[in-house]
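# Structural characterization, general
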Amino acid sequence: SGALLSFTCVSGVLGVSPVEIEQHLEMGRKLLAAGQLAEALSHYHSAVEGDSKNYLTYYKRAAVFLAMGKSKSALPDLTRAIQLKPDFLAVSLLSGLLLEKLLRSPDQEEAQNQLHKAEELEELQEEAHKAHHRGDYTTTIQVLDRVIELSPWDPESREMRAECYIRLGEPRKAILDLTPAARLRTDNRAAFLKLSRLLYDLGEHHNSLSEIRECLKLDQDDKECFAHYKQVKKLSKQMDSAEDLISEQRYQEAIDKYESVMRTEPNIPFYTTKAKERICFCLVKIKEAELALDTCSEAHQRDPQNIHILRDRAEAYIQLQDYEKAVEDYQEAREFDQDNQEIREGLERAQKLLKLSRKRDYYKILGVSRSANKQEIIKAYRKLAQQWHPDNFQSETEKKEAEKKFIDIASAKEVLTDPEMRQKFDSGEDPLDPENQQGEGGRGEWPFGFNPFQGGNFHFKFHYN
């Protein structure tokens, strides 16, 4: 009697065996396929009565009701099937958007089509789980592509595909699946956390912060979400602050802030590389060329195709008067972005400076850096003018050489102490070059064409001011 009672609990009706229930289901399927709906329904009635705990019996009977255009009769069976198996995708499909469509237009042929789709979904989902279990993530994705095509709002399939993308090293594709999936469940904190972490690792700290806040909206005491939230918020605030400082031209403070970023997040490569890139930019701006060169080179090793790093290192080379290297960096940047106007203009300027340096470099003539101020330039000029004044030399050969040197020194002072002329020179144009001045004094000549050392035995007393 104990065994009989146990069997009754399983089957629901005394005398109906599991084998008979399976036979009813199989006969119902064949009759439904043949279009004999009433006969199919009779067999599914028997299956439901025989096993009231089997979600498939309710699902199959609901499918027949839908095929017969009896949508209202199908709803209770679909509801019961969902209660027995909440994660049954085919039931969710029929009881959701597609069922709503059928209620508006109960058509037998359409109902059959939707039934076939639901059955296909069930088979595909099973195939996807098997492929995922054996670690075949590429096949899993291919199967889930079809599942999601049939049921785009199924969170389970999207989460599984996202996991496969992560394992295959394609986090951005995973994000595309997790973004809707996280919102398709009433409480999906795990998906919001995973989504936030993926975005954070890719350097999208603002989006990461938004997603982790969604997790905390569901449960503000969630320990994992809160710990991640604190980290993202701190780093995001530091990076925003650093960029604000740069926009205000407070470059040294920005450098300090980006060094804090590297201390806050030393493990994610994106943030270290980004910090190095921006520190390189700031060092160029404050004309710390040697430091800039080291930092830019380190950043370049981390991100070889970053045109901003190449641009800034080229500018550091220009400050160090290594124009050949500057041209090389700008050319490399141009290869990565042919249409970038800033890179194109930078390359043209570096090429002009290189050409100019092979003629006459006023900074080198005075022995000053490109960042030298007016006082430093005048000081260098006075020292060199005293040293190379022609009256200091006796022989004609020495006087000729000194005269040439003196003219170059005076020309350098003339150009570098005049803001407009210096700007032209810094842009790669010699304002005293005859090609640019159309007949005015050029290389090896006194500025403005006047040479006090020609035309007689004149002696001058110079005031080096």
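Residues numbered from 1 in each chain as written. Predicted model: local features only at pLDDT ≥ 70, side-chain atom pairs only at ≥ 80, totals over all residues. Heavy atoms only, no water.

## Points about the overall build of the protein chain
Selection criterion: Numbered from the N terminus, helices here are DSSP runs of H or I no shorter than four residues, and strands are runs of E no shorter than two. Throughout this description, buried means an accessible area under 20% of the type-specific maximum (1.4 Å probe, protein chains only), exposed means over 50%, and partly exposed covers the range between. The contact criterion used throughout is that any non-hydrogen atoms of two residues lie within 4.5 Å. Every accessible area reported is derived by Shrake-Rupley at a probe size of 1.4 Å, with residue values counting cover from the shown protein chains alone.
Within the protein chain, the secondary structure is distributed over 25 helices and zero strands. Expressed as a percentage of its 465 residues, the buried residues of the protein chain come to 45%. Contacts spanning at least 24 positions in sequence make up 55% of the contacts within the protein chain whose residues lie at least 6 apart. Counting only carbon and sulfur atoms, one obtains 48% of the accessible surface of the protein chain, whose full area is about 25400 Å².

## Quick word on the state of the cysteines
Condition: Note on disulfides: each one is a pair of cysteine sulfur atoms within 2.5 Å.
Going through the model one piece at a time under the given rule, you end up with two disulfides. Disulfide pairing places C215 opposite C225 at an S-S distance of 1.9 Å. Taking the sign of the S-S torsion, about 75° here, the bridge from C215 to C225 comes out right-handed. Of this pair, C215 sits in helix 13 (residues 205-218) while C225 is found in helix 14 (residues 223-247), placing the two residues ten residues apart along the sequence. If the cysteines joined by disulfides in the protein chain are listed in sequence order, their pairing comes out as 1-2, 3-4. Not engaged in a disulfide, the cysteine C282 finds its nearest cysteine sulfur in C280; these two sulfurs lie 9.0 Å apart. On the accessibility criterion, C282 (0% relative accessible area) is buried.

## Concerning the UniProt feature "repeat: TPR" (unreviewed entry) in the protein chain
Heads up, the condition is: UniProt positions are given in the numbering used here, feature names are shortened, and annotations may be inferred rather than shown by experiment.
The feature "repeat: TPR" (unreviewed entry), as annotated in UniProt, sits at residues 55-88 and 307-340 in this numbering. Spanning residues 307-340, this segment combines 79% helix with 0% strand, and its end C-alpha atoms are found 9 Å apart.

## Quick look at helix 3 (residues 37-50)
Basically, it comes down to this: Expected helix span is computed as 1.5 Å times (number of residues minus one).
Helix length check: helix 3, at 14 residues, gives a terminal C-alpha distance of 20 Å against a target of 20 Å (1.5 Å per residue), a fit within 8%. Turning to helix 3, its buried residues are L37, A40, L41, Y44, A47, V48 and G50.

## Considerations on the pattern of salt bridges
Side chains carrying opposite charge are able to pair once their charged atoms draw close together. Formally: Salt bridge, as used here: a side-chain nitrogen of Lys or Arg that lies within 4 Å of a carboxyl oxygen of Asp or Glu.
In this structure the tally under the stated criterion is 28 salt bridges. The partner of E211 in a salt bridge is R183, with the nearest N and O atoms 3.1 Å apart. With E211 in helix 13 and R183 in the loop between helix 11 (171-181) and helix 12 (189-201), this residue pair connects regions lying 28 residues apart in the sequence. Using a relative accessible area of 10% as the deciding quantity, one classes E211 as buried. Across the pair E243 and R278 runs a salt bridge, and its minimum N-O distance is 2.9 Å. Here R278 lies in helix 16 (residues 269-285) and E243 lies in helix 14, a separation of 35 residues in the sequence. Judged by its relative accessible area of 30%, E243 falls in the partly exposed class. Put simply, D145, R158, R161 and D177 are held in one network by salt bridges that share partners.

## Some words on the nonpolar core
Heads up, the rule is: For this analysis, a nonpolar core means a set of buried residues of the types Ala, Val, Leu, Ile, Met, Phe, Trp, Tyr and Cys, connected via side-chain atoms within 4.5 Å.
Within the largest apolar cluster, 44 residues are counted, with the highest numbers of intra-cluster contacts made by I212, I246, Y258, Y271 and C282. Among the elements that take part in this core, helix 14 stands out by supplying eight residues, more than any other. Setting aside anything within four residues of it in sequence, one finds I246 in contact with Y251, A254, Y258, R278, F281 and C282. Ranked by size, the runner-up nonpolar core spans 19 residues in total, among them Y381, F406, I409 and L432.

## Let's talk about the packing of aromatic side chains
Cut-off, in case you're wondering: Ring pairs are drawn from Phe, Tyr and Trp, using the six-membered ring of Trp, whenever the two centres fall within 6.5 Å, and their geometry is named by plane angle: stacked under 30 degrees, edge-to-face over 60, tilted for the rest.
Taken as a whole and assessed by the stated rule, the structure comprises seven aromatic pairs. Ring centres 6.3 Å apart and planes at 75° place the aromatic pair Y251 and F281 in the edge-to-face group. Taken as a pair, Y251 in helix 15 (residues 251-264) and F281 in helix 16 lie far apart in primary sequence, 30 residues in all. Considered together, Y251 and F281 belong to a single accessibility category, that of buried residues. Here the aromatic rings of Y363 and F425 are separated by 5.8 Å at their centres, their planes lie at 45°, and the arrangement is tilted. One end of the pair, Y363, is in helix 21 (residues 362-366); the other, F425, is in helix 24 (residues 419-426), with 62 residues separating them in the sequence. Taking the relative accessible area as the measure of exposure, Y363 reaches 0% and is therefore buried. On the basis of relative accessibility, which here comes to 1%, the residue F425 falls in the buried class.

## Focus: unusual backbone geometry
Trans peptide bonds make up the majority, and among non-glycine residues the majority have a negative phi. In this model, K287 sits at a positive phi of 60°, which is unusual for a non-glycine residue. Along the polypeptide, K287 turns up in the loop between helix 16 and helix 17 (289-302). The backbone phi angle of Q321 is positive, close to 60°, even though this residue is not glycine. Among the structural elements, Q321 can be located in the loop between helix 18 (307-319) and helix 19 (323-336).

## Section: helix 2 (residues 18-33)
Selection criterion: This arc is built from the directions going out from the helix axis to the C-beta atoms.
For helix 2, built from 16 residues, the straight-helix expectation of 22 Å at 1.5 Å per residue is met to within 8% by its first-to-last C-alpha distance of 23 Å. Of all the positions in helix 2, only I21, L25, G28, L31 and L32 are classed as buried. An end-on view of helix 2 places all buried positions within 135° of arc, on one side of the element. What points out from helix 2, more than 90 degrees from its buried face, is the exposed set V19 and A33. Directly beyond the C-terminal end of helix 2, a positive phi value near 85° is found at G35.

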